[in-house]
Each structure stands twice: as structure tokens, then as C-alpha cells.
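The lines below spell out each chain.
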Amino acid sequence: MAKDMTLLWGTGSPPCWRVMIALEEKSLQGYNQKLLSFEKMEHKSQEVLDINPRGQLPTFKHGDNVINESYAACFYLESQFKSQGTKLIPDGPAEQALMYQRMFEGLTFYEKLNAVIYYEWYVPEGERHESALKRNKEALVTELKLWESYLQKLGSGSYLAGPSFTLADVVVFPTVGTLFRFGLSPERYPKLGEYYNLLKERPSVKASWPPHWLENPKGQDTLKDI
């Protein structure tokens, strides 16, 4: 099955990481994969554009089925391979409702993170303003406090939707991993720190850990004062 799958991906990209965690959780190792470089603009290469006209990573294909949006690919993998690997959508309505809620809130979380760590990448030099970056940082702090409170409410050792690891964790953990990679303080955000430590040891997360993070474990300090 996995031999019919192809993933074009970039290291350190949370959308790529989501799909890779999902593939691991569904026991779909052995898929065809190719690591591309964002710096060299390889995500805009013809090879990618042939499958993904947006020129973005991940670019994912299963047989003739193309699913490039990371959330869609994760849903697809769970739906097509329900009976193997980890069950990623719980049956209970309360846990399922919480899972869907946290999954889609995760998109806002990721957006608020990007608005801070990639501000200079997204905004041309002449259009940058300290006040805008300050606003973005304040919005991220508000968001972090919200997720901190969600985890607080669930109690120690919990996943995002309760006692089971679900699609919510598949799609949101890469954002949390990126926060700490960019210097977020686990002392200031202890519940997120606890969640990060719980998941970073999970086999699917370790197997898909961004290779350049392994080569250079130090990371950056962009978020150290957040």
C-alpha cells in the first residue's frame, strides 16, 4: 500500500510533518519520499507543480489520488486505513467533538505563530513596522495562554482531545514542536512544555523529526521573550 504513495516534503515544515506523523501512525512506512529544499525554491519545481499547482509542500499522492492539503491528507489516511495502525478518530461524541474543535483551532494557532517567526519572510522590508510585529506577538501570547488553559483543564498526561492520541495531536503537535524549536519558554508555558515532552518521545514523532533539527539541536531564540 505504502509503495503506491509519494510524498514530496520540506524539513521543519509543520504541514509536511503532520502528514508524516499520520503515515507513521497508520503503519504506512516505506512510502516513496523526496526531501526538497525551500531555500533552493525546489517547492516551485516542475516536479512539484505537476502534482501541486500551488507549488507548496507537502505534495502527496496515493495511486492516482492527489491530496496536497495536509489536513485533508491526514483525514484521507485515517479514512482509507481505518483498520490499521492507530485509530485517530475516537468513537465517543464528546471526545470526537473536542478533537475536531482543537484540530481546526490548530490552524489559527499555526497562523499566529507564523506571523511572528516568519514576519520578515512574509513582509517586504519597506512594509515592516515594529508596531505590527508587536501586535503579532501579543496575538501569539493570547493564543498560547488559550492552549495552556485547554491543557490545564484536561490535566497532566492528557492529549489534546482527552486520554487518546488523535488527529488533533497529529496536526497540532508540529506547531508546538516549532514553538519550542524557536525558543518558547517551558517555564512560562508549563502545560505546553509538558505536552511537548510527552509527544516528542512518541515513535511516530521521533521517526518523522525534522532532519535539520537533529543536525542542529540548538534551534533559535526568536520566541524566548514571548
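Going by the annotation in an unreviewed UniProt entry, the name recorded for the protein chain is Glutathione S-transferase rho, with Astatotilapia calliptera given as the source organism.

Q: A description of helix 3 (residues 70-80) should follow, citing residues and the corresponding values.
A: Looking only at helix 3, the buried set comprises Ser-70, Tyr-71, Ala-73, Cys-74, Tyr-76, Leu-77 and Glu-78. As for helix 3, its buried residues are in contact with strand 1 (5-9), helix 1 (14-25), strand 3 (59-62), strand 4 (65-66), helix 4 (93-117) and helix 7 (167-181).

Q: Tell me about the sheet that holds strand 2 (residues 32-35), residues and numbers included.
A: The sheet built from four strands is open, its strands ordered 2-1-3-4 with mixed pairing. Each edge of the open sheet is held by one strand with a lone partner, namely strand 2 and strand 4. Relative to strand 2, strand 1 runs parallel, the two being bridged by four bridges. Paired with Leu-8 across the two strands is Lys-34, which belongs to strand 2. In this fold helix 1 packs onto strand 1, strand 2 and strand 3, with an angle of close to 150° to the strand it touches most, strand 1.

Q: Tell me what's going on with the UniProt feature "domain: GST C-terminal" (unreviewed entry) in the protein chain, and back it up with residues and numbers.
A: Mapped onto this numbering, the UniProt entry gives "domain: GST C-terminal" (unreviewed entry) at residues 92-220. Secondary structure content for residues 92-220 is 70% helix and 0% strand, and the end C-alpha separation is 40 Å.

Q: Before we move on, can you summarise empty space enclosed by the protein with the specific residues and values?
A: Following the criterion strictly, the structure yields two cavities of 30 Å³ or more and no others. What lines the largest cavity is Leu-151, Gly-155, Ser-156, Gly-157, Ser-158, Lys-191, Glu-194, Tyr-195 and Leu-198. When the residues that make up the lining of the largest cavity are grouped by side-chain class, the tally is three nonpolar, four polar and two charged. Of the pockets and cavities examined, the second largest cavity occupies roughly 30 Å³. As for the second largest cavity, its lining consists of Gly-12, Pro-14, Tyr-110, Leu-113, Asn-114, Ile-117, Tyr-118 and Thr-178. Looking at the lining of the second largest cavity residue by residue, the classes come out as five nonpolar, three polar and no charged.

Q: Mind laying out unusual backbone geometry, listing which residues take part and the relevant values?
A: Residues Leu-57 and Pro-58 are joined by a peptide bond in cis, for which omega reads 5°. On the secondary structure map, Pro-58 appears in the loop between helix 2 (46-49) and strand 3.

Q: Residues and numbers for the domain arrangement of the protein chain, please.
A: The domain boundaries assigned to the protein chain delineate domain 1 (2-81) and domain 2 (93-215). Where domain 1 abuts domain 2, roughly 1,900 Å² becomes buried across the two surfaces, and 75% of that area is made up of carbon and sulfur atoms. Here domain 1 and domain 2 share one salt bridge between them. The shortest N-O distance in the salt bridge between Glu-25 and Arg-202 comes to 2.7 Å.

Q: Before we move on, could you go through the pattern of salt bridges and cite the residues and values that matter?
A: Tallying each qualifying case throughout the model produces eleven salt bridges. The partner of Lys-112 in a salt bridge is Glu-143, with the nearest N and O atoms 3.6 Å apart. Linking Lys-112 in helix 4 with Glu-143 in helix 6 (residues 130-154), this pair joins segments that are 31 residues apart in sequence. Its relative accessible area of 27% is what places Lys-112 among the partly exposed residues. Its relative accessible area of 7% is what places Glu-143 among the buried residues. Each of Lys-200, Glu-201 and Lys-206 takes part in a single network of salt bridges with overlapping partners.

Reading the values: the criteria
- Residues numbered from 1 in each chain as written.
- Predicted model: local features only at pLDDT ≥ 70, side-chain atom pairs only at ≥ 80, totals over all residues.
- Heavy atoms only, no water.
- Buried < 20%, exposed > 50% of the residue type's maximum accessible area, 1.4 Å probe, protein only.
- Helix = DSSP H or I, 4+ residues; strand = E, 2+ residues; numbered from the N terminus.
- Contact = heavy atoms within 4.5 Å.
- Pairing = 2+ DSSP bridges.
- Axes fitted to C-alpha atoms, helices over the stretch in contact; angles between N-to-C directions.
- UniProt positions renumbered as here; feature names shortened; annotations may be inferred.
- 1 Å grid on protein atoms, 1.4 Å probe; cavity = no way out; pocket = protein on both sides within 12 Å on 5 of 7 lines; lining within 4 Å.
- Points joined across faces, edges and corners; volume = space filled by probe spheres on them.
- Nonpolar A, V, L, I, M, F, W, Y, C, P; charged D, E, K, R; others polar.
- Domains from an automatic or database assignment.
- Buried area = accessible area lost by both parts, 1.4 Å probe.
- Salt bridge = Lys/Arg side-chain N within 4 Å of Asp/Glu carboxyl O.

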